[in-house]
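Listed here are the chains, written in short residue letters.
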Amino acid sequence: MTRLRAWMVSKTEDGTFTAGLREIDREALPEGEVTVKVAYSGINYKDALASTPSGKVVRSYPMVPGIDLAGTVTASSHPRFREGDAVLATGYELGTGRFGGFAEEARLPGDWLVPLPAGLTLREAMILGTAGFTAALSVHRLEAAGLRPEAGGVLVTGATGGVGGHAAAMLAGLGYEVTASTGKASAHAYLASLGASAVIDRAELAAAGRPLRGERWAAAVDPVGGAQLPAVLSQIRYGGSVAVSGMTGGADFTASVFPFILRGVSLLGIDSVYCPRELREALWLRMASDLKPAALERMVHAEIGLEELPAALERVLEGGVQGRYLVNVAGGEA
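Notes on the structure in this doc start here. (Residues numbered from 1 in each chain as written. Predicted model: local features only at pLDDT ≥ 70, side-chain atom pairs only at ≥ 80, totals over all residues. Heavy atoms only, no water.)

**Things to note about the overall build of the protein chain**
Then comes step 1: Scanning the protein chain from N- to C-terminus turns up nine helices and 15 strands.
Then comes step 2: Reported as C-alpha extents along the three principal axes, the dimensions of the protein chain are approximately 60 × 45 × 35 Å.
Then comes step 3: Burial analysis of the protein chain (334 residues in total) assigns 54% to the buried set.
Then comes step 4: Put simply, of all contacts in the protein chain between residues at least 6 apart along the chain, 71% involve residues at least 24 apart.
Then comes step 5: By element, 52% of the accessible surface of the protein chain is carried by carbon and sulfur atoms, the whole surface being about 13700 Å².
Then comes step 6: When the 30 basic and 35 acidic side-chain charges of the protein chain are each reduced to a single mean position, those positions are 5 Å apart. (Helix = DSSP H or I, 4+ residues; strand = E, 2+ residues; numbered from the N terminus. Buried < 20%, exposed > 50% of the residue type's maximum accessible area, 1.4 Å probe, protein only. Contact = heavy atoms within 4.5 Å. Areas by Shrake-Rupley, 256 points an atom, 1.4 Å probe, with all protein chains shown as cover. Lys, Arg positive; Asp, Glu negative; His and termini not counted. Charge placed at Lys NZ, Arg CZ, Asp CG, Glu CD.)

What follows is the structure, given as structure tokens:
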């Protein structure tokens, strides 16, 4: 195969933006130590932003979005990988600064790749993807801050999204009592199927109130951010933590210091993009074992091909997706 199918975005010097499925030469792939035949990718909010002219996440054009990929090594000069190895990649500059997962092949630095753990298929790895990894990192950071099931319940915001859904399922699988927050009234049964024991409306959560409210949860996973974050902080129990990983609710928030200085609450920043390789690999091993959601297949909103990306990306931008889009790049099972 000398030509590859790829979903590519471009912008000319005069600002003209285009996005679409193209055939590109293999030589157009960037330099890298490992070439991967991509089997699956997934759609994240950042991918949807990358496919718009004003998304501000793409560092250079032309670009192949797709911040996740899983596939099989076809060539390698890196000592950790050889032809035939099953691998996955998330984060770094994938899909924003270097051609990503929305193409039939990818060429990457070897240190960006993680060996596919036993216990996960390539398909399952991309149902998890960046969203699942971010959720796992959030759980890990909360545990490192002292969270245990006996400490009390955990709130998960944006629970119908990728990070929130995975976090709810992972925490429930570990024995935590999970309260899921969502703005979708129709999603209660879905969230219960992931393991949530209670569901609250995000409007209730974001309603204005005192800087300190009643202590409701031992911790929270918040991929939403924005105006509701102060309300979350105000209801965390003494010594608890909030793991913040996203900004779909906005990049800014205004909060009181009271939760921090009167209840000892910690705000934990979650960066899944440049997470060190050793921790990254350790968490993927957990995602194949104790952090593997029992309801993994329920999180697939739809499985699509590259040609179906336009409508799917638009729906992700609109916030109308429950779970994750799985992109079957190779068109087969793996």
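**Regarding the packing of aromatic side chains**
Then comes step 1: Going through the model one piece at a time under the given rule, you end up with four aromatic pairs.
Then comes step 2: Between the aromatic rings of Phe 17 and Tyr 61, the centroid separation amounts to 6.3 Å while the plane-to-plane angle is 90°, which identifies the pairing as edge-to-face. Residue Phe 17 is located in strand β2 (residues 17-25), and its partner Tyr 61 is located in the loop between α1 (45-50) and β4 (68-76); the two are separated by 44 residues in the primary sequence.
Then comes step 3: Judged by relative accessible area, which is 27%, Tyr 61 ranks as partly exposed. (Phe/Tyr/Trp six-rings, centres within 6.5 Å; stacked < 30°, edge-to-face > 60°.)

**A word on the nonpolar core**
Then comes step 1: Of all hydrophobic cores here, the largest spans 54 residues; its most connected members are Leu 88, Val 156, Leu 171, Leu 191, Trp 284 and Met 287.
Then comes step 2: Residue assignment for this core shows that the elements contributing at least two residues are β3 (34-42), α2 (122-144), β8 (154-156), α3 (162-173), β9 (178-182), α4 (188-194), β11 (217-222) and α8 (277-287).
Then comes step 3: The dominant element in this core, judged by the number of residues it contributes, is α2, at twelve residues.
Then comes step 4: When near neighbours in sequence (up to four residues on either side) are disregarded, Trp 284 contacts Leu 88, Thr 90, Val 114, Pro 117, Leu 120, Ala 125, Leu 128, Gly 129 and Phe 133.
Then comes step 5: Grouped together as the second largest cluster of nonpolar side chains are 41 residues, Ala 48, Phe 81, Tyr 92 and Leu 309 included. (Core = buried A, V, L, I, M, F, W, Y, C linked by side-chain atoms within 4.5 Å.)

**So, unusual backbone geometry**
Then comes step 1: In this structure, the amide linkage connecting Tyr 61 to the following residue, Pro 62, adopts the cis form with an omega of -5°.
Then comes step 2: With respect to the element layout, Pro 62 can be found in the loop between α1 and β4.
Then comes step 3: A positive phi is found at Lys 56, a non-glycine position, where the angle reads about 60°.
Then comes step 4: Note that Lys 56 resides in the loop between α1 and β4.
Then comes step 5: Notably, Tyr 92 is not glycine yet its phi reads approximately 55°, a positive angle.
Then comes step 6: Judged by its relative accessible area of 14%, Tyr 92 is buried.

**Considerations on the pattern of salt bridges**
Then comes step 1: Using the criterion set out here, one finds 16 salt bridges in the structure.
Then comes step 2: Between Glu 204 and Arg 216 there is a salt bridge whose closest N-O contact spans 3.5 Å. In this pair, Glu 204 is assigned in helix α5 (residues 202-206) and Arg 216 in the loop between α5 and β11, connecting sequence segments twelve residues apart.
Then comes step 3: Judged by its relative accessible area of 42%, Glu 204 is partly exposed.
Then comes step 4: Through salt bridges with shared partners, one network takes in Arg 3, Glu 23 and Asp 25. (Salt bridge = Lys/Arg side-chain N within 4 Å of Asp/Glu carboxyl O.)

**With respect to the packing of α2 against α8**
Then comes step 1: Look at α2 against α8: their axes get within 9 Å of each other, and the N-to-C directions meet at 105°. The pairing of α2 with α8 is recorded here as roughly perpendicular in orientation. From α2, Ala 125, Leu 128, Gly 129, Gly 132, Phe 133, Ala 136, Leu 137, His 140 and Glu 143 reach across to α8, where they touch Leu 279, Arg 280, Leu 283, Trp 284, Arg 286 and Met 287.
Then comes step 2: The residue makeup of the contact of α2 with α8, split by class, is nine nonpolar, three polar and three charged. (Axes fitted to C-alpha atoms, helices over the stretch in contact; angles between N-to-C directions. Parallel < 35°, antiparallel > 145°, perpendicular 65-115°, else oblique. Nonpolar A, V, L, I, M, F, W, Y, C, P; charged D, E, K, R; others polar.)

**Brief notes about the sheet that holds β9**
Then comes step 1: On the basis of which strands lie adjacent, the open sheet formed by six strands has the order β10-β9-β8-β11-β12-β13 and parallel pairing. Of all strands in the sheet, those with a lone pairing partner are β10 (198-201) and β13 (266-269), marking the two edges. Averaged over neighbouring strand pairs, the angle between their axes works out to 20° when direction is ignored.
Then comes step 2: Two strands pair when backbone bridges link them, and strand β12 (residues 236-244) and β13 are joined in this way by four bridges, in the parallel orientation. Among the inter-strand pairings, Val 244 is bridged to a residue of β13, identified as Gly 269.
Then comes step 3: Packing of α3 onto the sheet brings it into contact with β8, β9 and β11, and relative to β8 it is tilted by some 160°. (Pairing = 2+ DSSP bridges.)

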